[in-house]
Amino acid sequence: MSASTNSVPNSSTGSKKSLKAFSDDIWKNKTAKINAELFTLTYGSIVSQLCTDYERDFVKVNNQLFLMGYNIGMRLIEDFLARTALPRCESLAKTSEVVSKCAFKIFLNVTPQVGNWSSSQDAFSLFLDENPLSDFVELPMDAAKELWYSNILCGVLKGALEMVQMDCDVFFTSDVLKGDQTTELRVKLNRVLKDEIPAGED
Amino acid sequence: MAIYSFWIFDRHCNCIFDREWTLKTNPSSGTTNSKLNEDTAKLLYGMIFSLRSISQKLGSLDSFNEIRTIATAKYRAHILCTASGLWFVLLSDLKQEDLSQVLRYLYSEIYVKTVVYNWLSPVDFAETANEKRGQGFRKIRNRQFLLAVEQFLGPMVN
């Protein structure tokens, strides 16, 4: 066991409360804060610039946001692990909990609800009641149909999960900006990747 | 207190950084990034790899039995394995019981801040499939990183 696992909540007993307390502590003590409005507006101007650059081809904008997020996620996972010292999750249920209560809490200070599990337990949804990216946002008519405004989040999750050997599909299925009731982000686990072993060892 | 060498292995089984200190009187001597493809790096990797596999098999399924240190008659290897597949390894004398805090500092304050936050530095050091599975040759050359490692570990060498 790594040295710091002692401070990490155990998965089996009372994990909900302690994981929350654990994340609150990291948010309070180990996270540099920036102004939320500045963050929201900066993201907004990126999206709006992309819409201009891609001549309002919103499929391309979605892809580009996803790619930007993917590159962020690949790096952000190291930051996350450095702060939390969490080991790999033993189940997708645990992963969903860590993502919502720990990762979203530390980086965005929100805690999405986990739900809508698939029957085979290989996919779940995160319901973003609050989304710091989309405060003040109203989509223009032409964008409301195709643009997934917060698609960068999907990329971040995809990149970060891939770095801990979970090959997932991550996508939005609804967004309040489009007039839906909820903002739902779906995570589907395709497979758990194997750690590499040196050539000639297998 | 004596530290002999510091190694980083990435998720592709490649040694992406090594620093060996030799002269006790002169901490700036020794070598950096010279042993990446030598047997020492591969054997060190192999030893940790094997012991790590065994320790994980000995542990129960719901708790991770991660390897921390390996001691021989003269050396102690201190190991930090991250969930993302990075290994940080320090070789020291036997007086060092536990350098896990040092390793954690190297990871969270030095590696993350100078390599991960640095957008000009890759986070994946294998650029093609041929460089994976221990066949890679790229290494951390980032000056900030080298400097920070030197400043942090230098005083502990002797």
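Note that the structure is predicted; figures quoted are calculated from it, not measured.

Undergrad: Would you explain the overall build of chain A in this entry?
TA: Regarding its fold elements, chain A presents five helices and four strands. Going from the N terminus to the C terminus, chain A shows its helices and strands as α-α-α-α-β-β-α-β-β. Scaling as 2.2 N^0.38, a compact globule of 202 residues should have a C-alpha radius of gyration of about 17 Å, and chain A matches this with 18 Å. Counting only C-alpha atoms, chain A reaches 55 × 45 × 35 Å along its principal axes. Looking at the 202 residues of chain A, the share that counts as buried comes to 35%.

Undergrad: Sorry if this is basic, but what is going on with the packing of helix α3 (residues 58–84) of chain A against helix α2 (residues 100–116) of chain B here?
TA: Relative orientation and spacing of two packed helices are given, respectively, by the angle between their axes and the distance between those axes. The interhelical angle for the contact between α3 of chain A and α2 of chain B, taken along N-to-C directions, is 165°, at an axis separation of 10 Å. In terms of their interaxial angle, α3 of chain A and α2 of chain B are classed as roughly antiparallel. Two packed elements cross with a definite hand, and for α3 of chain A against α2 of chain B that hand is left-handed. Touching R75, E78, D79, A82 and R83 of chain A of α3 of chain A are Y107, S108, V112 and V116 of chain B, all from α2 of chain B. Counted by class, the contact of α3 of chain A with α2 of chain B contains four nonpolar, one polar and four charged residues.

Undergrad: Which parts of the structure should I look at to understand the interface of chain A and chain B?
TA: By a widespread convention, an interface's size corresponds to the accessible area lost as its parts come together. Counting residues at the interface gives 25 residues for chain A and 25 residues for chain B. Sorting elements by how many residues they give to the side of chain A that touches chain B places α3 of chain A first, with eight residues. Its residues assigned to classes, the side of chain A that touches chain B shows 13 nonpolar, four polar and eight charged.

Undergrad: What am I meant to see in the environment of S100 of chain B here?
TA: Note that S100 of chain B resides in helix α2. With 21 residues separating them in the primary sequence, S100 of chain B and I79 of chain B have C-alpha atoms 7.4 Å apart.

Undergrad: In this structure, what is going on with the confidence of the model for chain B? I would like to understand it.
TA: Low pLDDT marks stretches whose predicted atomic positions should not be read closely. Looking at chain B, the pLDDT average stands at 81 and 86% of residues meet or exceed 70. For this predicted complex, the interface confidence reaches an ipTM of 0.82, while the overall pTM sits at 0.84.

Undergrad: When you look at the sheet that holds strand β4 (residues 184–192) of chain A in this model, what are you seeing that I'm missing?
TA: Two modes of strand pairing occur in sheets, parallel and antiparallel, and in both the strands are linked by backbone hydrogen bonds. All names here are of chain A. Spatial strand order, β1-β2-β4-β3: four strands in an open sheet with antiparallel pairing. In the strand order of this sheet, the two ends are held by β1 (113–115) and β3 (166–174), each with one partner. Each adjacent strand pair in this sheet contributes to an overall mean axis angle of 25°, direction not counted. In terms of strand pairing, strand β2 (residues 123–127) meets β4 through five bridges, oriented antiparallel.

Undergrad: Is there a simple way to explain unusual backbone geometry in this structure?
TA: Most peptide bonds take the trans form, and the phi angle of most residues other than glycine is negative. All names here are of chain A. Notably, R56 is not glycine yet its phi reads approximately 60°, a positive angle. Relative to the helices and strands, R56 resides in the loop between α2 (36–53) and α3. Residue classification places R56 among the partly exposed positions, given that 15 C-beta atoms sit within 10 Å. Unusually for a residue other than glycine, F136 sits at a positive phi of about 65°. If you trace the backbone, F136 turns up in the loop between β2 and α5 (152–163). Here F136 falls in the exposed class, since 8 other C-beta atoms lie within 10 Å of it.

Undergrad: Explain the pairing of β2 of chain A to me, please; I cannot follow it from the model alone.
TA: Taken residue by residue, a regular strand's side chains alternate between the two faces of the sheet. By the bridge criterion, three bridges tie β1 of chain A to β2 of chain A in an arrangement that is antiparallel. Counterpart to Q113 of chain A in the pairing with β2 of chain A is F127 of chain A.

Undergrad: Which parts of the structure should I look at to understand the pairing of β4 of chain A?
TA: Where β3 of chain A meets β4 of chain A, eight bridges bridge the pair, whose relative direction is antiparallel. Bridge pairing in β4 of chain A places V170 of chain A opposite V187 of chain A.

Parameters and conventions
Residues numbered from 1 in each chain as written. Chains lettered and ligands numbered in written order. Predicted model: local features only at pLDDT ≥ 70, side-chain atom pairs only at ≥ 80, totals over all residues. Helix = DSSP H or I, 4+ residues; strand = E, 2+ residues; numbered from the N terminus. Rg over C-alpha atoms; globule rule 2.2 N^0.38 Å. Buried ≥ 20, exposed ≤ 12 C-beta atoms within 10 Å, placed from the backbone. Axes fitted to C-alpha atoms, helices over the stretch in contact; angles between N-to-C directions. Parallel < 35°, antiparallel > 145°, perpendicular 65-115°, else oblique. Left-handed = near helix turned anticlockwise from the far one by under 90°. Contact = placed C-beta atoms within 7 Å. Nonpolar A, V, L, I, M, F, W, Y, C, P; charged D, E, K, R; others polar. pLDDT = per-residue confidence, 0-100. Pairing = 2+ DSSP bridges.

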